[in-house]
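# Remarks on the overall topology
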Amino acid sequence: MDDVSTNLRTLSEKIFNNAVKWLEENLEYFDLTIKRKTATDDLQFKSFIELLFMMNMFYPRQLFSIETSDKIVKLEKKVLHNVSFSSYFFKDPTLISGIQEIIHFNNNFDVHDLLSRNELEHFKNMIHAKMDILAQRTPYRLLDATYSMYKANVETNLASRKYYYDLTVLPEKDFNYLYISDSSAYSITHSLFYITDMGREKPKFLDYATINKVLNNMIIFYSCKNNMDIMGECLLCLYFINKKLINKKVALTALKLIDKNQSKAGYIYSPRHIKDNNLSKEEMFFENYHTTMVNLGVAYALK
């Protein structure tokens, strides 16, 4: 093994282990049964769903140890027993994809019959009322919803994944990543997550050469902007498309930057975070959990 590969593995393991330790120490903040002082209900719900999403992302590979996975499954069971998800969906229909993520997680990790009949009936009624269409706006969010329905084996009013993929920015040959917004950057990464089923599918219509070039350039571009969020998602996309496409020197440079942005506690600073800004532990968690989980995934993929 060459020096770059050795350094990649060593640094990945360090980042991964520190992030997992922080995650385990803060699992309580994913618990929807506990009302938070500063986080909105929507933010709490999204954090819970993202935790399940990360577990589903790499399945059947185990992202965490058996012990950590069991803790997360136990937490999910507690939430399913005590929380009415319908209240979230009626307040904000864009959260409807969350129920599919729960069903997907339950199928993967053998958690059965915990969603009440009443909850499932509410969900089916929302689909019948075409709220799966009305609740979504941008093409990549529609792609997100379609993908979630697909993985949960739920019938939907939405069109195919390819239909919505073709409406995103990535199929446009002449777009310039230097001039796109962060929202458009997320459109690129999330579209690739969903259209490839996190690397499980290799659609023939994708222009892999162009995608490889764009993602490698975006990694360099967003590393210069110190945006660990988008940079990390670009690395994950390359991993899902073809791990061999990842330039090891670029990946090592990115990992060194992630390491630099990882706090002593183990979380990784979000693009919005201001170091030493006297946030409470709860505020610190909700500001940085997403970037931490993204790059925890990166470290897992590269180690």
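Everything below is about the structure shown above.
Residues numbered from 1 in each chain as written. Predicted model: local features only at pLDDT ≥ 70, side-chain atom pairs only at ≥ 80, totals over all residues. Heavy atoms only, no water.

Of the regular secondary structure elements, the protein chain holds 14 helices and 0 strands. Going from the N terminus to the C terminus, the protein chain shows its helices and strands as α-α-α-α-α-α-α-α-α-α-α-α-α-α. By residue count, 56% of the 303 residues in the protein chain fall in the buried class. Across the protein chain, contacts joining residues at least 24 apart in sequence account for 73% of those joining residues at least 6 apart. As presented, the protein chain carries roughly 14500 Å² of accessible surface, and 52% of it is formed by carbon and sulfur atoms. (Helix = DSSP H or I, 4+ residues; strand = E, 2+ residues; numbered from the N terminus. Buried < 20%, exposed > 50% of the residue type's maximum accessible area, 1.4 Å probe, protein only. Contact = heavy atoms within 4.5 Å. Areas by Shrake-Rupley, 256 points an atom, 1.4 Å probe, with all protein chains shown as cover.)

Within the element layout of this structure, Asn227 appears in the loop between α11 (208-224) and α12 (228-242). The class of Asn227 is buried, set by a relative accessible area of 6%. A distance of 3.0 Å separates the side chain of Asn227 from the backbone nitrogen of Ile230, its partner in a polar contact. For Asn227, the contacting residues outside a window of four places in its chain are Asp182, Tyr222 and Pro271. (Polar contact = N/O pair within 3.5 Å; in protein donor to acceptor, adjacent residues only side chain to side chain.)

This brings us to the nonpolar core. Ranked by internal contacts, the top residues of the largest apolar core, which has 102 residues, are Phe30, Met57, Phe58, Phe85, Leu192, Leu215 and Met218. With 12 residues, the single largest contributor to this core is helix α14 (residues 281-302). The residues contacting Phe58, other than those within four sequence positions of it, are Leu63, Arg200, Leu236, Tyr239, Phe240, Gly297 and Tyr300. (Core = buried A, V, L, I, M, F, W, Y, C linked by side-chain atoms within 4.5 Å.)

Turning next to unusual backbone geometry. Residues other than glycine predominantly adopt negative phi, and peptide bonds predominantly adopt the trans conformation. In this structure, the amide linkage connecting Tyr59 to the following residue, Pro60, adopts the cis form with an omega of 10°. Structurally, Pro60 can be placed in the loop between α2 (41-58) and α3 (66-82). The backbone phi angle of Asp110 is positive, close to 55°, even though this residue is not glycine. With relative accessibility at 58%, the residue Asp110 sits in the exposed group. Phi is positive for Asn226, close to 55°, though the residue is something other than glycine. You can see Asn226 is positioned in the loop between α11 and α12. Asn226 sits in the partly exposed class, given a relative accessible area of 35%.

Considering the arrangement of structural elements, one finds Glu76 in helix α3. For the buried Glu76, no salt bridge exists, and the shortest N-O distance to an oppositely charged side chain is 7.5 Å, to Lys77. For Glu76, the contacting residues outside a window of four places in its chain are Phe48, Leu52, Ile102, Phe105, Asn106 and Val111. (Lys, Arg positive; Asp, Glu negative; His and termini not counted. Salt bridge = Lys/Arg side-chain N within 4 Å of Asp/Glu carboxyl O.)

Turning to a positive patch on the surface, a few remarks are in order. A cluster of basic residues, Arg9, Arg61, Lys243, Lys248 and Lys303, forms a positive patch at the surface. For Lys303, the position within the fold is in the segment after α14. By relative accessible area, which is 31% here, Lys303 ends up partly exposed. (Patch = residues over 30% accessible without salt bridge, like charges linked within 9 Å, V, L, I, M, F, W, Y side chains within 5 Å. Charge placed at Lys NZ, Arg CZ, Asp CG, Glu CD.)

Before going further, it helps to spend a moment on the packing of helix α8 (residues 139-152) against helix α10 (residues 182-195). Their axes nearest at 9 Å, the elements α8 and α10 cross at an angle of 25°. On the basis of the axis angle, α8 is roughly parallel to α10. The crossing of α8 and α10 is left-handed. On the side of α8, the interface is formed by Tyr140, Leu143, Asp144 and Tyr147, while α10 contributes Ser183, Tyr186, Ser187, His190, Ser191 and Tyr194. The class makeup of the residues in the contact of α8 with α10 is 5 nonpolar, 4 polar and 1 charged. (Axes fitted to C-alpha atoms, helices over the stretch in contact; angles between N-to-C directions. Parallel < 35°, antiparallel > 145°, perpendicular 65-115°, else oblique. Left-handed = near helix turned anticlockwise from the far one by under 90°. Nonpolar A, V, L, I, M, F, W, Y, C, P; charged D, E, K, R; others polar.)

The next point concerns the packing of α10 against α12. Look at α10 against α12: their axes get within 9 Å of each other, and the N-to-C directions meet at 25°. Between α10 and α12, the angle falls in the class roughly parallel. Every pair of crossing elements has a handedness; the one defined by α10 and α12 is left-handed. Contact with α10, carried on its side by Asp182, Ala185, Tyr186, Thr189, His190, Leu192 and Phe193, involves Asp229, Ile230, Glu233, Cys234, Leu236, Cys237, Phe240 and Ile241 of α12 and no other residues of that element. The residue inventory of the contact of α10 with α12, partitioned by class, reads 10 nonpolar, 2 polar and 3 charged.

We now examine the pattern of salt bridges. Counted by the stated rule, this structure contains 10 salt bridges. As a salt-bridge pair, Asp197 and Lys151 come within 3.1 Å of each other at their nearest N and O atoms. With Asp197 in the loop between α10 and α11 and Lys151 in helix α8, this pair connects stretches of sequence that are 46 residues apart. Asp197 gets classed as buried once you look at its relative accessible area, which sits at 4%. The class for Lys151 is buried, based on a relative accessible area of 19%. In this structure, the salt-bridge partner of Asp197 is Arg200, at a minimum N-O distance of 3.0 Å.

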